[in-house]
Amino acid sequence: MATHKQDPIVLVIDFHHARGPEIEHCIADEGTDPAVENDWSLLPFMALSDGAHLSTEEFSYFTLCRKESDTIPATSLFGISCSRQLDSSLLINRHPDVTRSTVQKAVVVVTDTPQRVGQLREKLSVVTSAWFAQREFSDIDILKKFREGLVVSLLNDNGPKDQNLGLSLREMIHEFKYQTLVLFKGLLLQPKMLFFGTRCERLCMIQFSLISLIPGLINSLQDCADPSFDTYSKTVEKPTSLKTSDRSSLLAYMGLPLQIFGKGSMFGPYTPLQLLDLLADDGTKSYVVGSTNSLLLQQKDRYSDILINLDEDSIVINSPSLRTALALSAADRRWIDLLTQIVNDTWDEEHPSRPKTLGFMGSEEFILLQFEEYLLALLSSMKYHEELSSSTAGESTRSRTQLQNYNIEGDPATDFNMEFLTQWQTTSNYALFSRLTSDALLFSITEPRHPSAGGLTMEDVQRRVSQQVADLHLDERVREGREALNRHFSTGQKKVTAAFNSFWSDIESMREAQRKRNEEKAIQAQAQTQTQSQGSPTSPTASISTSTLDSEPRPRASVDMTQAQASVSAAGQKAGAYFSSWGSWASEKRREWQDKRSASPSPSLNATATSNAAANANAATSPSVTSPSASTLSVVTEIAESDRDRGRRRSAQHKSEGSIDSTTDGGLTRSVSRRKRWSNILLRRESGEFKRDDSSASESADMPFPKSPLSQGFPAYGESGEEKQAKKEDRGSGPQIHTQGKFERANTGTVDTDGFSSVALTPNKGLGLELDQDQGQNGGLNQKENMPPGGGQSRDESLTALPVKDV
């Protein structure tokens, strides 16, 4: 069984666009065609796996049956294929059957041992690549030379070696962790295990890695290709001796290898859909197969007891009883957690198949020895459990006392889960094991004790918690989250700083713009103020006259409101003071006249008029006004005015006094009305309505007519008490002018400091004001040219001296 009995066979598989995959060339011993002799009709489907066209290069591993002949029994062969594809336009000689854009072919090597399959992988890849580089598939000389080299290498081979084949055990433990032990124990129970994955090579390698965990099984797969094969169980012999220094002798004495793939079982690393009928056959009790077709996932309950999905890294156990049997005990979990921790501590991302320390701990050999130790302890404990149960039942030839001499405490098999041991006893591999070790005291050679025996301890809890935390990859997530947080924080800080700097610069620019605008406004306001001060009138009277006489609208200049309000307020104060002095003077005169009326009874109107005229003349000739600010304006008052006329004058007087406290515009309007009234009087004089006296005409020829105080721009203020007393004294002694209907000037030569002299007006014909006899009682006034003396109730009216400036 150790020597090879079949030379390597090289085949070429072509994918025909109409017929599908088919064998194109078979390179074997001269005069033989193994493909036809052994009916390898499904070989093309195994060599070109489903989805192989999606990869540039893909490998597939499979098993074949070699039929029984006269010299050799039926056995299993192992094949490996390397499939590639080439653009059909690159072919030198394009065959007429090539109708598609690509050409897909596979080069296959078939041998009798799986170890050689592992050795052939790299060689096959190089040869296939070189053949495709020729771009001429009809030339197969390179393949023939390749087969000759394989035959020579096999002749120099001293026999198959017990080496690991398949995926790295470190990668499997790193990926599946504690579930690696679940798969290992599940393999011993011989269920229907289905592996699924889209990558065919990885799918096949992990199955070889799993069966390599059982010592010696990789060299005893002669019955794995077909469920009907049972050569090993029929040819194996029970060991009769033991050499403890020889590892193979020890393993054989312990009943190893366990025959997982015997009668009713099969092993197909890659199994195409064309073999589903064989999987569903009643004679197929168990198998370990792999598929890249997702159709099997839709019927996983029918074709699998345990489904291992490599794309999702998940293991699904469909049978409840099987799930209970494969539950790991505390000792099992402690053992696999220790092994997983060692692998993770020595993990190297760049070289997963070797530890980063390059030491023995965590290496492939270390993992194989650990599983070998575990399996030997399982076999020894199981054997002791059987002896203990037989002695208790009285069926064993050994008494319980003899078993106690081995100093074994209790039943060590309980650490391996009794449910698992119970189901394992029903399998065919356990039956073969029991037959080969029926008389052997395995517990006397290997200690029947779990490698991690004992109950659950605090260390187990801590280890399991740490393992679960490691499974969550919290450190990586926290590190990534911390890095992401730092990045976001740095970015946010930059954004906030930039935004603050931009905001502050905007504020500074706004402040600078506001400062410039304020400076421009200040300069403009100063210029406007200077312009207004240069072009504005010097007195309120002139400004009033200008605004009154100017009828054309002028454009409004844009001035500062604060300065305009200040100017208006100053003008208002000046106008208020002006009209206040005017009203005070008028009130004093009215009280003075009332005192006169109450003091003199006046027996006749003529006498009263004569006395009033004399008083007016005295007042006109007396220098009562000593200051230009104390200029007086005569007011005509009718003595014989009725009560209604008196009330009307009082109402007008109250309105005049009220206008002092009113706005400046109201006072200015009243002043303008008074100026117009005096202008009408002057116009009447110039038209001849006022007749001059001949005697005084020559004297007053050079005298200008007196102007209104408003036109001169001098306000009239109230007289003081001393001035009033001086006027009273001068009324009797000064020169008087009493001429009817004439405006006369007292030629006294009295002129004040401003050049004004006193002028007296007579009320009769000079103003043309007479009291209507018919309406005198009603208080009505009529303007007449001639009024007979003594007619009606004529009342003497005196005019106060009007200052006139001498020219």
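Cut-off values and rules
Residues numbered from 1 in each chain as written. Predicted model: local features only at pLDDT ≥ 70, side-chain atom pairs only at ≥ 80, totals over all residues. Heavy atoms only, no water. UniProt positions renumbered as here; feature names shortened; annotations may be inferred. Core = buried A, V, L, I, M, F, W, Y, C linked by side-chain atoms within 4.5 Å. Buried < 20%, exposed > 50% of the residue type's maximum accessible area, 1.4 Å probe, protein only. Helix = DSSP H or I, 4+ residues; strand = E, 2+ residues; numbered from the N terminus. Domains from an automatic or database assignment. Contact = heavy atoms within 4.5 Å. Phe/Tyr/Trp six-rings, centres within 6.5 Å; stacked < 30°, edge-to-face > 60°. Pairing = 2+ DSSP bridges. Axes fitted to C-alpha atoms, helices over the stretch in contact; angles between N-to-C directions. Parallel < 35°, antiparallel > 145°, perpendicular 65-115°, else oblique. Nonpolar A, V, L, I, M, F, W, Y, C, P; charged D, E, K, R; others polar.

- As recorded in an unreviewed UniProt entry, the protein goes by UDENN domain-containing protein and comes from Penicillium antarcticum.
- Its UniProt record gives the protein a comment under Sequence similarities (unreviewed entry), which states: "Belongs to the AVL9 family."

**Overview of the nonpolar core**
Part 1 of the argument: Among the nonpolar cores identified, the biggest contains 93 residues, and L188 and W424 are the most heavily contacted of them.
Part 2 of the argument: Ranked by the residues each element gives to this core, the list is headed by helix α15 (residues 364–393), at 10 residues.
Part 3 of the argument: When we break this core down by domain, the ones giving at least three residues each are domain 1 (9–156) and domain 2 (169–238 + 245–472).
Part 4 of the argument: In this structure, L188 is in contact with I214, L258, I260, L375, L378, F420, W424, T427 and N429, ignoring residues within four places of it in sequence.
Part 5 of the argument: With 17 residues, the next largest nonpolar core counts I13, A28, W40 and V110 among its residues.

**Some remarks on the packing of aromatic side chains**
Part 1 of the argument: Here the structure, examined in full by the defined rule, presents 17 aromatic pairs.
Part 2 of the argument: Summarising the aromatic geometry, the rings of Y61 and F208 are spaced 6.1 Å apart at their centres and angled 70 degrees between planes, so their arrangement reads as edge-to-face. Of the two residues, Y61 is situated in strand β3 (residues 57–66) and F208 in helix α7 (residues 200–211); the sequence distance between them amounts to 147 residues. The pair formed by Y61 and F208 is uniform in burial state, with each residue classed as buried.
Part 3 of the argument: Ring geometry for Y430 against F433: centres 5.8 Å apart, planes inclined by 45 degrees, an arrangement best described as tilted. On the criterion of helical spacing, the pair formed by Y430 and F433 is a turn pair, its members being 3 residues apart in helix α18 (residues 428–436).

**Notes on the pairing of strand β8 (residues 286–291)**
Part 1 of the argument: Of all the 6 residues making up β8, 6 are buried; the element is thus mostly covered by neighbouring parts of the structure.
Part 2 of the argument: Residues S286, V288 and G290 line one face of β8 and the alternating positions Y287, V289 and S291 line the opposite face, and both faces are buried.
Part 3 of the argument: Of the pairings in the sheet, the one linking strand β6 (residues 192–196) to β8 comprises 5 bridges and is parallel in character. What sits directly across from F195, in β8, is G290.
Part 4 of the argument: Pairing between strand β7 (residues 265–268) and β8: 4 bridges, direction parallel. Across the sheet, the residue bridging to F267 is V288, located in β8.

**Some thoughts on the packing of helix α5 (residues 169–176) against α7**
Part 1 of the argument: The interhelical angle for the contact between α5 and α7, taken along N-to-C directions, is 100 degrees, at an axis separation of 10 Å. Put simply, α5 runs roughly perpendicular to α7. Note on element contacts: α7 touches α5 through R202, I206, S209 and L210, opposite L169, M172, E175 and F176.
Part 2 of the argument: For the contact of α5 with α7, a count of residues per class yields 5 nonpolar, 1 polar and 2 charged.

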